[in-house]
Amino acid sequence: MELSALPVPRGGFADVFADHIARWSARTGAPSAAQAVAADAARRLILAMDEGHVCLVEPKFADPAMLQHLFDSGMVAMHTDPGNRPMLLDAAGRLYLHRMIDHEQALARALDAMAAAPLAEAEPAAVIALRERFAHVPAGTLDGQQLACASALCSRLLVLSGGPGTGKTTTVVNLLAVLLAQTPTLRTALCAPTGKAAARLVESLRARAELLPAALRECMPQAAATVHRLLGYQAHDRRFRHHAGNPLDCDLLVVDEASMLDLALARRLVDALPAGARLVLLGDKDQLASVEAGAVFSQLSQQRALGAKQRARLAALCGVDPRALDDIALGDEDTLPAHVCWLTENYRFREQPAIASLANAVRDGKADTALAVLEDRAQTAVGRLPEPPQTAQLETALSEGFAEYFRLLAAGSRDARALLAALGRFRVLCAQRQGAKGVTRLNQLARRLLAQSQNVPMPAIAAERLVGEPVMLQANDYALELFNGDVGVLLPDEAGQLQGVFERSDGRLLHVPQARLTRSDTAFAITVHKSQGSEFDAVMVVMPEAPGPLATRELLYTALTRARLRVLVSGSDAVLRHAIATPGSRLGGLPDRLTEAAQARRDTLRAPATHESR
C-alpha cells in the first residue's frame, strides 16, 4: 500500500511528532530541505500506524536524492546501523519508528530461536497417547489435527491456523493429552487477547475434555487469562510484571485468537516466556488483524514448509506414508514455516454448508460465487436484506433476531443467566460505528423495540438506560476481573436500581452498579472488530452503504464466520464485490526480520571459534 497519495490532515499526534522531528533535525544542523523531508516522512509514518501499519512505504524513498535528504536530516538511519536515530529504513524501503522495528527484530529472534531449538525424541508414552487420541482416523490417512499435535510434540513452537469449526480447540485438548503423557507435571498457561475470548477458550476446552479419561481430564488447565492479565499489566506505570527478567511460570503457553495480537503485545508475550517453554499460537490467518499496529499472526502463518527429515519423522508419528505430506512444500526445518500447520476441514458447518460456502468464497476472493450463495433460495442458512434496507425492514430483522430475548423480558424475567444465554444467540455486526447502517443507529432501533416489548416509553435522554439493555465494556476493570468486550445485561437490584450483570467464565454472576459502567456501550449491535473471539447462533452482517476503506475481505469473512447456524447480510452488490476484492493488507517486515534472524543464527554457528573458546 502506498500512502503518498493520501491526504495528510493537520492536527493530532502526527503533526506533533512531525514538528518534534523538524526541531530535532534543526538542532543537529541539518539542511532545511532535509528537515522538511524528515518531518513530512514522520507525519506520514504516524498516519500509517494509525491505520494499523507497522511502517511506511513510499515510492519516492527509492529516489537517491530523497534518501540522501532523509539521511542528511540526522533523523533516519539504516536498520542495520541504527544508532540513536528515531526512524529507521530497512533494505526494502520501509520506514519505521525505531521502537517498532526493534519489536519486529526481537520477536523474530525469539521465534527463530524456538523454531531452531532441537528437542529430544518423543517419549514412547507420548507416541502411544498420540495414536490413542487419533485412533478413529482410518489407517494410512493423514489427519490435520494429528499432524499439528505431532508437530508440537517435536518442537517448541506451533503456529496453528484454521477457520471457525476446523477443530483448533479440539487439537489443543489432544495436544495437552499427548504432552501430559510425556510430562505429567506440565505447567500450562492459557490466554487470549480479550476476556471474552479467554472465557470461550476455557469453555471449549472443558466441553471437549469431557471425552478424556477422568484422571487426564483433572490435569487439564481450568482457567485462562487475558494477555495483559497474564503478563501482569500495571496501570500505574504501564509496564508488565512479567518480562525476560521475570518470566512466566509455565512450560507451555497456549494463545487463542492470536490474530488479535498486535506487534508490541506479541513481542512482550514472547519476551516473558521462560527458557525452554513451548508456545502454541492459535488463530485464523484470514480474519481481521489487531486493532493496533501489526498483523503478526497473518504474517507468521502465511507459509508452511517441512524439512525432509522432519517430514519423515512426522509421518512416522502419524502412521502414514511420507508421501501423504507431499502437498506441503519442502523447506528448512529450523525456520518458522516448518512449524506452521493449517486446519482446513470444517466440522461446524457440515449441517449448514451454505455458511461455509459463502465464507470460503469471500476468503478466496470469489465474488460471483459469494453472490450466488446469497441469492440461493433453496437454502435457509444464508439470507439477505433488500438494499437499501428501510427502517421497517431493519426493525423486522431485529425483532426476529432478538425475539426470544424480548419475549423473556416482556414476561418479566429477571433471570440473568437465561437472558444472557438468549442474548448470545444473535448479534448485529456492523462495519462502522456511525451512519445509517452503523452501530449507533442499529442500537437506537433495537432500544426502541426493547422499550416497546416492555410497554415502557423510550427515555428522552439517550444516556438513560433501559431494563434489559445489553452493555459491552469498552475498557478493562482488573479489580472486578471484567474486560474490554465483556457483555452484560442491565437489571434492577432489590432497590430497583439498575446494575450490570455479567457471567464469569466459571459460571458465577457478577453484579456491577451502573455508576461503575461509565465506559460501556449498548450491545445489540457491535462492530465486527469487537465480535472477534465470539460466536453466535445467528448474526446480521451490516456492511456500509457505499464501497470504502472499511469494507474489506477480512472484515466480511470475520463477520460471516461468527455465525454457527444462520447469517443475514445487508449490503449491496457493489459493496460486497468491493469488499471481496479488497484484502486488507497491513504493511510490515516481520517475514524479512525472520529471514534475517535465521541468517544471523546460521552465521554465528558457522563462525570459527575464537582463541579463548578453543
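Residues numbered from 1 in each chain as written. Predicted model: local features only at pLDDT ≥ 70, side-chain atom pairs only at ≥ 80, totals over all residues. Heavy atoms only, no water.

### Structural notes on the sheet that holds strand 5 (residues 157-162)
Here is the rule: A pair of strands is considered paired only if DSSP assigns at least 2 bridges between the two. Comment: elements are numbered from the N terminus, with helices defined as DSSP H or I runs of at least four residues and strands as E runs of at least two. Any two residues whose heavy atoms approach within 4.5 Å at even a single point are treated as in contact. To get an axis, a line is fitted to the C-alpha atoms, and for a helix only the part in contact is used. The angle between two axes follows their N-to-C directions and goes from 0 to 180 degrees.
Across the sheet, which stays open at both edges, the six strands sit in the order 7-6-10-11-5-14 with parallel pairing between neighbours. The two strands at the open ends of the sheet, each matched to only one other strand, are strand 7 (225-226) and strand 14 (340-343). As judged from the two bridges shared by strand 6 (residues 188-192) and strand 7, these two strands associate in the parallel manner. When the bridges of strand 7 are listed, Ala192 appears paired with Thr226. Running over the sheet, helix 6 (residues 144-153) touches strand 5, strand 11 (278-283) and strand 14 and is turned about 160 degrees from strand 14. Packed onto the sheet, helix 8 (residues 195-209) meets strand 6 and strand 7 and runs at close to 135 degrees relative to strand 6.

### As for helix 18 (residues 416-423)
Stated formally: Only protein chains enter the area calculation, which uses a 1.4 Å probe; residues under 20% of their type maximum are buried, those over 50% are exposed, and those in between are partly exposed. It is the directions from the helix axis to the C-beta atoms that the arc portrays. Any N or O atom pair separated by 3.5 Å or less is treated as a polar contact, with the protein-specific requirement of one donor-capable and one acceptor-capable atom, and with residues adjacent in sequence counted only for side-chain atom pairs.
Those residues of helix 18 that fall on the buried side of the exposure criterion are Ala416, Leu419, Leu420, Ala422 and Leu423. Down the axis of helix 18, the buried side of the element spans an arc of 160 degrees, and every buried residue falls inside it. Along its buried surface, helix 18 packs onto helix 17 (403-410), strand 16 (426-430), strand 17 (470-473), strand 18 (487-492), strand 19 (498-503) and strand 20 (509-513). A side-chain oxygen of the first residue of helix 18 lies 3.2 Å from the backbone nitrogen of Arg417; this N-cap is Asp415.

### Some points on the nonpolar core
Inclusion rule: Nine residue types can take part in a nonpolar core, namely buried Ala, Val, Leu, Ile, Met, Phe, Trp, Tyr and Cys, and a core is a set of them joined through side-chain atoms within 4.5 Å.
Ranked by internal contacts, the top residues of the largest apolar core, which has 68 residues, are Met87, Leu95, Leu111, Leu253, Val255, Leu279 and Leu300. The element contributing the most residues to this core is helix 2 (residues 32-50), with eight residues. Not counting residues up to four positions away in its chain, the partners in contact with Leu279 are Leu111, Met114, Arg156, Leu157, Leu158, Leu253, Val255, Val270 and Leu273. With 43 residues, the next largest nonpolar core counts Leu158, Leu186, Leu201 and Leu252 among its residues.

### Observations concerning the sheet that holds strand 16
Strand order in the open sheet formed by five strands is 15-24-23-16-22, and the pairing between neighbours is parallel. At either margin of the open sheet sits one strand with a lone partner, and together these are strand 15 (382-384) and strand 22 (525-527). Strand-to-strand, the axes of this sheet are offset by a mean angle of 25 degrees, without reference to chain direction. Bridge count between strand 15 and strand 24 (residues 563-570): three bridges; the pairing is parallel.

### Looking at the environment of Asp237
With respect to the helices and strands, Asp237 occurs in the loop between strand 8 (233-234) and strand 9 (239-240). On the basis of relative accessibility, which here comes to 31%, the residue Asp237 falls in the partly exposed class. Measuring from C-alpha to C-alpha, the distance between Asp237 and Ala181 comes to 42 Å, with 56 residues separating the pair along the chain.

### Points about the domain arrangement of the chain
Buried accessible area, meaning the area lost when the parts come together, often serves as the stated size of an interface. We count it as follows: Boundaries between domains were set according to an automatic or database domain assignment. Buried area: the accessible area, evaluated with a 1.4 Å probe, that two parts lose upon being put together, summed over both parts. Think of a salt bridge as a Lys or Arg side-chain nitrogen and an Asp or Glu carboxyl oxygen that are within 4 Å of each other. Here the term charged refers only to Asp, Glu, Lys and Arg, the term nonpolar to Ala, Val, Leu, Ile, Met, Phe, Trp, Tyr, Cys and Pro, and the term polar to all other amino acids, Gly among them.
Domain boundaries assigned for the chain yield domain 1 (11-103), domain 2 (120-343) and domain 3 (353-581). Contacts between the two partners involve seven residues from domain 1, matched on the other side by seven residues from domain 2. Across the domain 1/domain 2 interface, buried area totals approximately 580 Å², and carbon plus sulfur atoms make up 64% of it. When the buried area of domain 1 at its contact with domain 2 is split by residue, Gly52, Val54 and His103 rank highest and sum to 72% of it. Summed over the shared surface of domain 1 and domain 2, the number is one salt bridge. In this assembly, domain 1 and domain 2 are joined by three residue pairs in polar contact (both at pLDDT 80 or more). In terms of residues, the side of domain 1 that touches domain 2 owes the most to one element, helix 4 (residues 98-116), which gives three residues. Among the residues forming the side of domain 1 that touches domain 2, the class breakdown is three nonpolar, three polar and one charged.

### Some points on the side chain of Thr522
Following the sequence through the fold, Thr522 ends up in strand 21 (residues 520-522). Overall, the relative accessible area of 14% leaves Thr522 in the buried class. At a separation of 2.5 Å, a polar atom in the side chain of Thr522 contacts the side chain of Glu469. Those residues in contact with Thr522 that sit more than four places away from it in its chain are Asn443, Arg447, Arg465, Glu469 and Pro470.

### Concerning the state of the cysteines
Here is the rule: Any cysteine sulfur atom paired with another within 2.5 Å is treated as part of a disulfide.
Applying the stated criterion to the full structure yields zero disulfides. Among the cysteines around Cys250, which has no disulfide bond, Cys191 carries the closest sulfur, lying 8.9 Å off. What makes Cys250 buried here is its relative accessible area of 2%. This cysteine, Cys341, is not joined by any disulfide, and Cys318 carries the nearest cysteine sulfur, 9.1 Å off.

### Points about the packing of aromatic side chains
Filter applied, for reference: Pairing of aromatic side chains here covers Phe, Tyr and the six-membered ring of Trp, requires ring centres within 6.5 Å, and sorts the geometry by plane angle: under 30 degrees stacked, over 60 edge-to-face, intermediate tilted. Here, a charge over a ring means that NZ of Lys or CZ of Arg falls within 6 Å of the ring centre while also lying within 35 degrees of the ring normal.
Scanning the entire structure with this criterion turns up eight aromatic pairs. In this structure an aromatic cluster arises from ring pairing among Phe402, Tyr405, Phe406, Phe426 and Phe524. Sitting above the plane of the Trp342 ring, Lys285 keeps its charged end 5.1 Å from the centroid.

### Considerations on the pairing of strand 24
The following threshold applies: Crossover handedness is defined by viewing with both strands directed away from the observer: a clockwise path from the first strand over the helix to the second marks the crossover as right-handed.
Bridge analysis of strand 23 (residues 536-542) against strand 24 gives six bridges, and the strand direction is parallel. When the sheet's bridge partners are listed, Met540 is paired in strand 24 with Leu568. At this point the chain moves from strand 23, through helix 21 (residues 553-560), to the parallel strand 24, and the crossover so formed is right-handed.

### Thoughts on the side chain of Gln35
Along the chain, Gln35 turns up in helix 2. Note on Gln35: relative accessible area 18%, which makes it buried. Each residue touching Gln35, except ones within four places of it in the same chain, is listed here: Ala22, Ser25, Ala26 and Ala30.

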